[in-house]
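If you want the building blocks of each chain, they are given just below.
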Amino acid sequence: MPSSHHLLLHSLPLLLLFLFSASSTPVSLQLSRFPLPPHPDPLRRLAALASASALRASLLKNPRRHASPTPYRSPLFPHSYGGYSLTLGLGTPPQQLSLLLDTGSHLNWVPCTSSYQCRSCSSPSAAPIIPFLPKSSSSTRLVGCHNPAVSGSTPGPPLPLPSCNSTSADGCPAVPCPPYALIYGSGSTAGLLMLETLAFPHRTVPNFAVGCSILSERQPAGVAGFGRGAPSLPSQMGLKRFSYCLISRRYDDDAVESGFLVLDPAKDDTSSGLSFTPFLNNAAAGADGASPFSIYYYVGLREIAVGGEKVGVPRSALITNSRGNGGAIVDSGTTFTYMA
């Protein structure tokens, strides 16, 4: 029995090597038994063996708990249309697209098809719109009305597409696949929902729900929705956390200077002198996540000062009321800080 424990204890690092190796090539290693150095205290020796066994059991039961995800860092560029963009790969093979990082919305969409139209999107310094071409991707699939992503048979709430259940006189679906229409504070967009392959340098996400936008108003770039909703990019990727840094607008449309986005960074990393504040939930959002209030990141704003002088804003204006109105949210997709 003691020799058996010795083998398990000393082979643990080799087992971990097999579990977490990034190589796809099979590797065979010779495991040899050798006696554990004697310890003057038998109880401590027994405790060490017990601790090793407990760690091994924990790893076998939940290996992901002990594996730290590798953070992914992507540049964020400021643009004269008022947003900050990141580049994502979509489709098979991946098509590189520039999307607006928006924590104030949760549906991802891209300019779609070669006949994509964007009204009132002209800007002397804006880059030309590069649409996603579904015909050039082998993994594009339109979402039907009975798709699990719409019907709600997958974990989490279904996508917000109420028009999907409408039928014509003969009882058939009125539309072949669910359309969507989004209205932003600075524009709107509409199109059809599809499933595609999302590609990052460190990870590929199949069956990623994204909107194929056919028409937009004052929305020159597609949107990477980073809100709290089920269709958002963080939710679909299963991210535990993300962080971003937005640089000054003085670098608008400058391909050299950029901020950055980090996916799955270390928790509460204070090495760079950062401070943290918790996000709050809107009490009127409900537990089902169907309320529009549920997608926002609320912060506990206490007061506002300009030039060191406090602004006379009543406390009631900084918190949400029973109907869900009021409060302060973090929205990377808008240019201004404003209050009702």
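Everything here concerns the structure above.
Residues numbered from 1 in each chain as written. Predicted model: local features only at pLDDT ≥ 70, side-chain atom pairs only at ≥ 80, totals over all residues. Heavy atoms only, no water.

### Focus on empty space enclosed by the protein
Here is step 1 of the chain: Scanning the entire structure with this criterion turns up two cavities of 30 Å³ or more.
Here is step 2 of the chain: As a volume, the largest cavity reaches approximately 70 Å³.
Here is step 3 of the chain: Lining the largest cavity we find 13 residues, and of these Leu88, Leu90, Leu99, Val110 and Leu198 sit closest to its centre.
Here is step 4 of the chain: Looking at the lining of the largest cavity residue by residue, the classes come out as 12 nonpolar, one polar and no charged. (1 Å grid on protein atoms, 1.4 Å probe; cavity = no way out; pocket = protein on both sides within 12 Å on 5 of 7 lines; lining within 4 Å. Points joined across faces, edges and corners; volume = space filled by probe spheres on them. Nonpolar A, V, L, I, M, F, W, Y, C, P; charged D, E, K, R; others polar.)

### Observations concerning the packing of aromatic side chains
Here is step 1 of the chain: Under the definition given, this model contains six aromatic pairs.
Here is step 2 of the chain: Ring plane angle 75 degrees and centroid distance 6.2 Å describe the contact between Phe242 and Tyr297, whose orientation is recorded as edge-to-face. Here the residue Phe242 occupies a position in strand E11 (residues 242-245), and Tyr297 occupies one in the loop between strand E13 (279-280) and strand E14 (298-299), the gap between them amounting to 55 residues. The burial state of Phe242 is the same as that of Tyr297; both residues are buried. (Phe/Tyr/Trp six-rings, centres within 6.5 Å; stacked < 30°, edge-to-face > 60°. Helix = DSSP H or I, 4+ residues; strand = E, 2+ residues; numbered from the N terminus. Buried < 20%, exposed > 50% of the residue type's maximum accessible area, 1.4 Å probe, protein only.)

### Considering the sheet that holds strand E17 (residues 328-329)
Here is step 1 of the chain: As summarised here, the arrangement of the three strands in space is E13-E14-E17, forming an open sheet in which the pairing is antiparallel. Taken across any chain shown, the strands that pair with only one partner, and hence form the sheet edges, are E13 and E17.
Here is step 2 of the chain: Alignment of E13 against E14, held across two bridges, turns out to be antiparallel. Residue Leu280 lies in a different strand from E14, and its bridge partner there is Tyr298. (Pairing = 2+ DSSP bridges.)

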